[in-house]
Amino acid sequence: MTKSRFTSLSQAVEAYYDELRQFIHQRTGSSLMAEDVIQETWIRARTTSADLPDNPRAYLYRMAGNVAVDHVRRQKNWGREEGDSYEAENSNEHLDQLPGHTPDLIDAIISQQELAILDAAIRELPDKCREVFLLYRGHGLSMREVAVHLSISERTVEKHVARAMLHCRQRLRDAGRNI
């Protein structure tokens, strides 16, 4: 794969979305976690200031793998609460056997639609609010780290993050998603 095919890393995530999701699903055994991981990978790709690598596909596999490791670690650290949702998904595996029922495909379509809604919502945010939100959620910085990085108070970071979250939730609700 050459650099010229894509103009951004997030565009490469979109092109390789299905194969990345399948790769993470095979590694984690959870389609829900795979969706979460690929969405977070897209956000990180969208917000990175790094140059487009020579081999975006390989780079994204590595990035998604690292995000998956982070998710597994968080699941272990946070205890059973988050793990239950992923395990509950796997307890319904028999649904895959029903004719005409393809939850992975439906979930993927819904996730792609929600991702597009969230992308648009993030673009609608005021510049500073968007910057704070993407550093916090996209790059995984703590509120304190964002505050230091942008030379603003932690309280200001909290306000921007809260505003962005409310805006994103509202856009999802406007689109008929029950959030």
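Residues numbered from 1 in each chain as written. Predicted model: local features only at pLDDT ≥ 70, side-chain atom pairs only at ≥ 80, totals over all residues. Heavy atoms only, no water.

Explain the overall build of the chain to me, please; I cannot follow it from the model alone.
Looking only at helices and strands, the chain features 9 helices and 0 strands. Each helix and strand of the chain, ordered N terminal to C terminal, gives the series α-α-α-α-α-α-α-α-α. Counting every position in the chain, which comprises 179 residues, the buried fraction comes to 36%. In the chain, once contacts between residues fewer than 6 apart in sequence are set aside, the share between residues at least 24 apart is 66%. Carbon and sulfur atoms make up 49% of the accessible area of the chain, which amounts to about 10,800 Å² in all. (Helix = DSSP H or I, 4+ residues; strand = E, 2+ residues; numbered from the N terminus. Buried < 20%, exposed > 50% of the residue type's maximum accessible area, 1.4 Å probe, protein only. Contact = heavy atoms within 4.5 Å. Areas by Shrake-Rupley, 256 points an atom, 1.4 Å probe, with all protein chains shown as cover.)

I'm lost on the pattern of salt bridges in this one. Help?
Close approach of charged atoms allows side chains of opposite charge to pair. In the structure shown here, the tally under the stated rule is 13 salt bridges. Here D18 and R21 are joined by a salt bridge, their closest N and O atoms 3.8 Å apart. On the criterion of helical spacing, the pair formed by D18 and R21 is a turn pair, its members being 3 residues apart in helix α2 (residues 17-28). Residue class for D18 comes out partly exposed when judged on its relative accessible area of 46%. D70 is the partner of R44 in a salt bridge, and the nearest nitrogen-oxygen pair spans 3.8 Å. Placement of R44 in helix α3 (residues 31-47) and of D70 in helix α4 (residues 56-78) is noted, with a sequence separation of 26 residues between them. Note on D70: relative accessible area 26%, which makes it partly exposed. (Salt bridge = Lys/Arg side-chain N within 4 Å of Asp/Glu carboxyl O.)

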